Amino acid sequence: MQCRDSQLSMELNRLLLLTAFLLHIKLSRLSPARLVCDNRLIQKYISEAKDMEKRVSQCRELPSLTEPLPLPMVDFSLWEWKTKTNETKRQEILGDLALLVDAVTAAQGHVRQECAAALLGQLYKKANSFLLLLQTFCWQVSAGQPDRAPRTMLQSHPSVIFLVYRQLVQGKLRFLFHDLAKDLCRGVPEPPSTPCPRLPQGDSESPAC
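Residues numbered from 1 in each chain as written. Predicted model: local features only at pLDDT ≥ 70, side-chain atom pairs only at ≥ 80, totals over all residues. Heavy atoms only, no water.

### Examining the side chain of Lys-84
- One can find Lys-84 in the loop between helix H4 (78-82) and helix H5 (86-108).
- You can call Lys-84 buried: its relative accessible area is 13%.
- In terms of polar contacts, Lys-84 uses its side chain to reach the side chain of Glu-92, at 2.4 Å. (Helix = DSSP H or I, 4+ residues; strand = E, 2+ residues; numbered from the N terminus. Buried < 20%, exposed > 50% of the residue type's maximum accessible area, 1.4 Å probe, protein only. Polar contact = N/O pair within 3.5 Å; in protein donor to acceptor, adjacent residues only side chain to side chain.)

### Details of the packing of helix H6 (residues 114-135) against helix H7 (residues 158-184)
- Packing of H6 against H7 leaves a shortest axis separation of 12 Å and a crossing angle of 25°. Classified by the angle between their axes, H6 and H7 sit roughly parallel to one another. Once H6 is placed against H7, the crossing between them reads as left-handed. Listed contacts from H7 to Leu-119, Leu-120, Leu-123, Lys-126, Ala-127, Phe-130, Leu-133 and Leu-134 of H6 are Ile-161, Phe-162, Tyr-165, Val-169, Leu-173, Leu-176 and Phe-177. (Axes fitted to C-alpha atoms, helices over the stretch in contact; angles between N-to-C directions. Parallel < 35°, antiparallel > 145°, perpendicular 65-115°, else oblique. Left-handed = near helix turned anticlockwise from the far one by under 90°. Contact = heavy atoms within 4.5 Å.)

### Digging into the nonpolar core
- Counting 48 residues, the largest nonpolar core has Ile-93, Phe-130, Leu-134, Ile-161, Tyr-165, Val-169 and Leu-173 as its most contacted members.
- For this core, the secondary structure elements donating two or more residues are helix H2 (32-37), helix H3 (39-57), strand S1 (69-72), H5, H6 and H7.
- The greatest single-element share of this core, amounting to 12 residues, is contributed by H7.
- Once you skip the residues sitting within four places of it in the chain, Ile-93 turns out to touch Trp-81, Leu-134, Leu-168, Lys-172, Leu-173 and Leu-176. (Core = buried A, V, L, I, M, F, W, Y, C linked by side-chain atoms within 4.5 Å.)

### Here's the deal with the side chain of Glu-87
- Among the structural elements, Glu-87 can be located in helix H5.
- Of the polar contacts made by the side chain of Glu-87, one reaches the side chain of Arg-90; its length is 2.8 Å.

### Brief notes about the pattern of salt bridges
- Scanning all chains against the criterion turns up 12 salt bridges.
- Measuring nitrogen to oxygen at the nearest pair gives 3.1 Å for the salt bridge that ties Lys-126 to Glu-48. Note that Lys-126 is positioned in helix H6 and Glu-48 in helix H3, a separation of 78 residues in sequence. Like Lys-126, the residue Glu-48 is buried in the burial classification. (Salt bridge = Lys/Arg side-chain N within 4 Å of Asp/Glu carboxyl O.)

### Points about the packing of aromatic side chains
- Tallied over the entire structure, the rule returns three aromatic pairs.
- With centroids separated by 5.1 Å and ring planes inclined at 50°, the aromatic side chains of Phe-76 and Trp-81 adopt a geometry described as tilted.
- The buried category is assigned to Trp-81, whose relative accessible area is 2%.
- Measuring from centroid to centroid gives 5.7 Å for Phe-76 and Phe-175, while their planes differ by 80°, and the two rings are edge-to-face. Of the two residues, Phe-76 sits in the loop between S1 and H4 while Phe-175 sits in helix H7, which places them 99 residues apart along the sequence.
- Judged by its relative accessible area of 29%, Phe-76 falls in the partly exposed class.
- The exposure class assigned to Phe-175 is partly exposed, which follows from its relative accessible area of 23%.
- Connected via pairs of aromatic rings, a cluster forms that spans Phe-76, Trp-81 and Phe-175.
- The ring of Phe-175 carries the charged tip of Arg-174 above its face, separated from the ring centre by 4.9 Å. (Phe/Tyr/Trp six-rings, centres within 6.5 Å; stacked < 30°, edge-to-face > 60°. Lys NZ or Arg CZ within 6 Å of the ring centre and 35° of its normal.)

Shape is all these values report; function is a separate question.
Here it is, written out as structure tokens:
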């Protein structure tokens with residue numbers, strides 16, 4: 001009974017996180033195709049990832065973790081990437097995001113410094129939101145399974161987690177959105193050229209365009 005209650009609680013948390021993400025990007029006014037087709041959105045998330053990476057580097061006396069954490073190795077060959085199906089790419093990124101979310105959760109249990117703890121909380125929300133979002137894309141791409149388990153590396157400094165997240169968003173995730181756009185964006189009107197508004201440095205949340 002306790003196990004069932006725990007599973008139910010986990011599912012409710014996942015639904016709440018997904019709802020928060022959908023509200024964050026104002027999906028009520030955006031179709032799934034618009035989410036991929038509006039290049040300003042992924043650029044906004046890249047900018048936010050860079051900002052978090054910069055801010056965590058400014059946290060004073062950030063200690064290493066007592067035990068190293070497995071993190072995904074998110075570098076990739078562009079030539080090899082082009083040979084994969086969109087579903088294989090999606091599954092590969094899902095594996096990377098799952099490892100990243102687990103690492104953030106583990107780090108949150110050890111980092112007590114207020115500056116880094118707050119940024120880890122933001123990183124968890126963003127990485128987990130992308131994880132849930134990509135899970136909803138399964139109906140848009142052909143069925144398939146990942147061809148291999150995620151490659152991992154052991155790291156003991158919390159700042160590396162932010163580096164890996166930024167590399168993942170700026171690399172694989174950006175290219176996946178670009179590849180999905182080739183199929184999803186036919187006939188979708190071009191978004192206005194007005195750039196996304198930039199919020200002050202201390203504001204962790206910025207509105208989607």
